[in-house]
Every structure is written in structure tokens, then in C-alpha cells.
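# Overview (structure and organization)
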Amino acid sequence: MMLSIENLEVKYGNIQALHGISFHVNKGEIVTLIGANGAGKTTSLHSISRLPPPEAPRVIAGDIRFNGESILKTKPDQVVKDLHLALVPEGRHIFGNLTVMENLQLATYARAKGTDFEPEYQRIFDLFPRLHERRKQRSESLSGGEQQMLAVGRALLTGCNFLMLDEPSMGLAPVLKYELFRKLKQLNDEGMTILLVEQNANLALHLAHRGYVLDTGKIVAEGTGEELLGNPEVKKAYLGG
Amino acid sequence: MLESLIQNIINALQWGSFYALIALGYTLVYGVLTLINFAHGDVFMVGAYIAFFVATFCLTVLGLPGWVALILVIPLTMILTSLVGVTLERIAYRPLRKKGAHRLYVVITALMCGLILEHANLAILGASRKAFPVLIEVQVYNIGGVTFTNLKIAVIVTAFLSFLFLHWVVTKTRIGMAMRAISYDKFAVPLMGIPLDQIIVVTFILGSGFAGLAGLLFAMSYPVLEPYMGALIGWKAFIAAVVGGIGDIRGAFIGGFLLGAVEIMVVAFFPSTFRDLISFSVLLAILTWKPTGLFGIAQTTKI
Ligand SMILES: Nc1ncnc2c1ncn2[C@@H]1O[C@H](COP(=O)(O)OP(=O)(O)O)[C@@H](O)[C@H]1O
Ligand SMILES: [Mg+2]
């Protein structure tokens, strides 16, 4: 088990957002976390990334283990640097005042100096050719889809082998959605472990090996992608009947 | 006529250099944290005192010749002053940042830190002024009726080199890239594996280090030190940074020299008691015309 969340309870101030959730991700898997708006999906990812309050919540009970060790005391930059666990946050959060290339370069900040990152930049550009065309542009000027690709490319350049994505398909045209999901599949085939948060349950469950359904801070269903797709309750609540 | 113009330009450049060196620190910290570090003028004052003690130690205790002392005083003053800035960040600003305190409280804290520095100085060293020792012989040159000193030239050259250095740091280095990234989106910086606090500390090191350098140069040029020497010049440098477009280091630099130029021009035509009144009025007019400052393009374009 690469990542395991054990009876996790977290609070924002006095408001509890997760009420003892447990789930895990094995190496090489794509696992999806689905649920309605406000269910606690982003909260879960922020907790795993160990982001500090006020954006992220405080853990009050339970544990987050990575390769068997608790990471509750790990700093957010160490999660990326030492655990190679990266997050593509909701809303992308690219650095709009930097160029596309600078965004990518910055992602290598914590990695060994003197490494030749050229092949890795090339890999990102192969994956997302649009980024190559626009590499000298201020990233603010990119379209929503291109910004999402940059956010993913940037996360990959941190040298991660575990990628978490928070609603990456939000705001993308259907064609781009499918393209993005194909790229995620490709990354997974190349060995990347993926934890995917989505409101678009249908798409996510088709891609993922396994999934969990989150509702107001509790896990209410779990199973393989197929099981959840066939689950009548899930169908009714998240797949439009 | 021409001589007096050139003379005025040199004087404007000298004063502009002091303002610019201090304004750079305001703008760096603001660019990264959107924090107006109102203690910065007093960090300049502390820098002047640090330079005083280091210089006196080198001259009297070590018995070094002035120019050797100066070579030691420059880096030591910058390092020790940057430690003061880092200490303020550590004990005053960081705890507030971790608690997510409203900006108003952080600004008030900065003001109080400045007052504490001033009054700690007063309490520890007393009200008497200190005379800064002579480190290098001031040479007066006179070319075609224009007089200037080696010290003035050194001040101006130092300000330009400092600007070029900081501009290089911000635009070309990875740490500068991280500083710009923080100014745009603090949230995503740790997600790149970048320790946020470390970049913030570097920002304070740079800002305070150059305030210390300004303190040293100022003390060498006007060798009388007193605890409140940083207050007015600090305010002026802050205003210069805002007029230039706070958050942009080119703005701080241009703003500093602009203020220097306006002041010298006012004094050339009016009684010197009008200096601050008229120059602040001019800056106010500039801000009314362009509220984001000369280089302030948009809210998001900082440093
Ligand atoms: N920074 C925050 N401060 C306070 N409450 C928050 C914060 N972020 C999220 N919440 C609350 O926590 C709950 C879960 O939110 P979130 O994790 O963002 O949901 P999701 O990502 O599933 O839409 C919601 O009730 C939300 O209002
Ligand atoms: Mg969310």
C-alpha cells in the first residue's frame, strides 16, 4: 500500500470537514475519489499534501501513511521533494506572471542541481505539444485547457511518481477532457500512481481501477470502477440515473 | 548654468541612491508578501549603527587602516543588518502569517517593530549622537566648476550595481523565479517542492542587507547618527517605492531617483524649508495620475 488514509478527521477552525475516512492507493493504481460539491474531496487532497492552514485543514484524529510511515509531521515541500507525491490543485494555480518555460523550470527547484532536465522538458512537450508552442508566453495568456496541461506538466517535473489531481477536467471542453484522460492513462501505463478527484464521475470511474464515493466527509461507497458504475445508489446520485 | 545643472544632477543622483537602496527592500518584501514592512527605515538606521560599531572596532581595537576597515565593514554591516531583518521576520511576521492574520495587523506589527528598534536604540545607547569615524579620505574634485567627491560617486555607483544585482537575482535565478511565483500565488509554491519560508527569509536578507549598505553609505556621507535617522528617510523611500510601482524593483529604483531629483530641483528654486512639502505634493500628483505607480501595470505584476 503506497498511500493509506486511516480514520482521518480534520477541521477548519471549529468546523469538521472529514469524519473519519479511510481509503488507500496501491502502487501503480488509478484510484478516484468522487462526490458532490463540498463533500470533502479537496480537503482530503490538501490534507495529504500537508498544506498548512488556513487553506488546508488541521488533522485532529487518524493518520496519513505513505509507504507505511506517518506523514503528519512532514512539511508540504518535503512531501513533493522526498516522497515524490505531487498535487495538481483545483483551479490549476499556475504562476501566471511567469512564462510557460519558467513554470516548468520552477518545478525542478527542489531537485538535484546540475541535473540535465532537457529530456524531461522534452517529455512534457511530447505529452502536451501545445506547451512547446507557447513556452515563451506568459502563462496567464494560455487558454484554460493549456493551463491545465501546464499544471500537470509542472507537477510531473517535480519528479513525482504519485500524482494527485483535483478536478482536472473542470472547465474543459469535452474533446480536451477525453484527451487529458487519455494522457493520464498513458502516464499510468508508464508507471505513475494516480489519485484522481472528479465530479465527472462517469469519466473518472471508466478510467480508474478503483474508486471511493465521498459524501459530506464520509466514504459512502467503494469498489472497482465497474462495481461503482453498476451500483444503483451511485448511479442515482452521481451518474444522472 | 550648465555647471549648476550638472551639479544638481549629481546631488540628485546621490540622494536618489539612498532612497533607491532603501526602496528596493520595501519593494522586495512587498512583492513577495504584500507586506509593507514599515520597520524597514529603522532597519536602515540599525544598519548605520552596526556600521558605526564595526568601523570603530576595526579602527580602534584592531588598529586597521581606514580602507582595510572599509573592506571589512561593508560585508559585515550587510550580514549583520540582514540578520536584524531576518529576526524581525522570524519573531514578528512569521507567527502572524502562520495564523493567517489580517494584513492590517501585520502592518501595525511592522510599525511597532520600527518603533521598538528606535526606542531600543535610545534606551541602550542614550540620546547622544554618534559621530561616524572617517574610513576613507574624502577627495573633492572640481571639473569645470562642478564639484563632487569620491564618496558621492561611490554612493551612486553602488546604488546602480545593487540594482543590477537584485534585478539579476529576481529575473534570472531560480530563487528569484520562486520569489516572483510567491508574489503571484503563494499557495502553489510548496506544491513545487519549494520551502516557502526559506524564500521569504532570502527576501528579507536581500532587503535588509541593502538597507544596511545604505546605512553605511549614509553614515559615511553624513557622519552623525541618531536613533530617529531612519524614520523620515524610510517614509520617503517607501513613498518612492509606491510612486515607482511597489512590488517592481525597477519601480523602486526609478522612484528613488525621481524623489531625489524632485527634492534637489525644489531646493534649487525655493527655500529649503519647502523641500518636503513640494516634493511630497509632486509625488501625490503622480499617484493621483497613476495610482498603481509608474511601473505598476497590474495587481498581479509584482517584483
Ligand atoms: N479553507 C476552508 N475553510 C473553511 N471551510 C472550508 C475550507 N475549504 C473547504 N471548507 C469546507 O469543507 C467542506 C469540504 O470542502 P471541499 O473539500 O472543498 O469539498 P469538495 O472539494 O469535495 O467540493 C465544505 O463544507 C467546505 O465548505
Ligand atoms: Mg474541491
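So, here is what we can say about the structure in this document. The shown structure was predicted, so the numbers you read here are calculated from the model rather than taken from an experiment. (Residues numbered from 1 in each chain as written. Chains lettered and ligands numbered in written order. Predicted model: local features only at pLDDT ≥ 70, side-chain atom pairs only at ≥ 80, totals over all residues. Heavy atoms only, no water.)

### Thoughts on the sheet that holds strand β6 (residues 85-88) of chain A
Residues and elements named next belong to chain A. Worth spelling out the cut-off: Note on pairing: two strands pair once DSSP finds at least 2 bridges between them. What counts as a helix is a DSSP run of H or I of at least four residues, what counts as a strand is a run of E of at least two, and both are numbered from the N terminus. Comment: axis = line fitted to C-alpha atoms, over the contacting stretch for helices; angle = value between 0 and 180 degrees taken between N-to-C directions. The contact definition used throughout considers only heavy atoms, calling two residues in contact when any of these lie within 4.5 Å.
Taken in spatial order, the six strands of this open sheet run β6-β7-β8-β3-β9-β10, and their pairing is mixed. Lying at the two open borders of the sheet, with one neighbouring strand each, are β6 and β10 (218-224). Taken pair by pair, the neighbouring strands of this sheet meet at an average axis angle of 15°, ignoring direction. Where strand β7 (residues 162-166) lies against strand β8 (residues 193-198), five bridges are found, and the strand directions are parallel. Across the sheet, the residue bridging to Leu165 is Leu196, located in β8. In the packing of helix α7 (residues 174-189) onto the sheet, contacts are made with β3 (30-35), β7 and β8, and the angle to β8 comes to roughly 155°.

### Re the sheet that holds strand β4 (residues 58-66) of chain A
Residue and element names in this part refer to chain A. Taken in spatial order, the four strands make up an open sheet running β2-β1-β4-β5, and their pairing is antiparallel. The open sheet is flanked by β2 (15-25) and β5 (69-70), the only strands paired with a single partner. By the bridge criterion, two bridges tie β4 to β5 in an arrangement that is antiparallel. Looking across to β5, one finds that Arg65 is bridged to Ser70. Along the sheet, helix α1 (residues 41-49) contacts β1 (3-12), β2 and β4; its crossing angle with β1, the most-contacted strand, is approximately 110°.

### Points about the environment of Leu195 of chain A
Residues and elements named next belong to chain A. How we decide: Per-residue accessibility, obtained with a 1.4 Å probe over protein chains only, is compared with the maximum for each type, and a residue is labelled buried under 20%, exposed over 50%, and partly exposed between these values.
Secondary-structure assignment places Leu195 in strand β8. Its relative accessible area of 0% is what places Leu195 among the buried residues. Sequence spacing of Leu195 and Asn26 is 169 residues, and the spatial spacing of their C-alpha atoms is 10.0 Å.

### Looking at the coordination of the magnesium ion (ligand 2)
All names here are of chain A. Which entries qualify depends on this criterion: Only nitrogen, oxygen and sulfur atoms qualify as donors, provided they sit within 2.8 Å of the metal or within 3.2 Å for Na, K and Ca; with water excluded from the atoms, sites may seem incomplete.
Around the magnesium ion (ligand 2), the protein supplies Thr42 (OG1) and Glu90 (OE) as donor atoms, at distances of 2.0 to 2.4 Å. Of this pair, Thr42 sits in helix α1 while Glu90 sits in the loop between β6 and α3 (100-106); the two residues are 48 residues apart in sequence, bridging distant segments of the chain. Judged by relative accessible area, which is 27%, Glu90 ranks as partly exposed.

### A short note on the packing of helix α9 (residues 249-269) of chain B against helix α10 (residues 275-289) of chain B
Residue and element names in this part refer to chain B. This is how the line gets drawn: The cut-offs work like this: below 35 degrees is roughly parallel, past 145 is roughly antiparallel, 65 to 115 is roughly perpendicular, and the gaps in between are oblique. We call a crossing left-handed when the near helix sits turned anticlockwise from the far one by less than a right angle, and right-handed when that turn is clockwise. In this count, Pro and Cys sit with the nonpolar residues alongside Ala, Val, Leu, Ile, Met, Phe, Trp and Tyr, while Asp, Glu, Lys and Arg are called charged and the others, Gly among them, polar.
Axis separation between α9 and α10 bottoms out at 9 Å; the angle between their running directions is 135°. Accordingly, the angle class assigned to the pair α9 and α10 is oblique. For the element pair α9 and α10, the recorded crossing hand is right-handed. Listed contacts from α10 to Leu258, Leu259, Val262, Glu263, Val266 and Val267 of α9 are Arg275, Asp276, Ile278, Ser279, Val282, Leu283 and Ile286. In terms of residue class, the contact of α9 with α10 is built from nine nonpolar, one polar and three charged.

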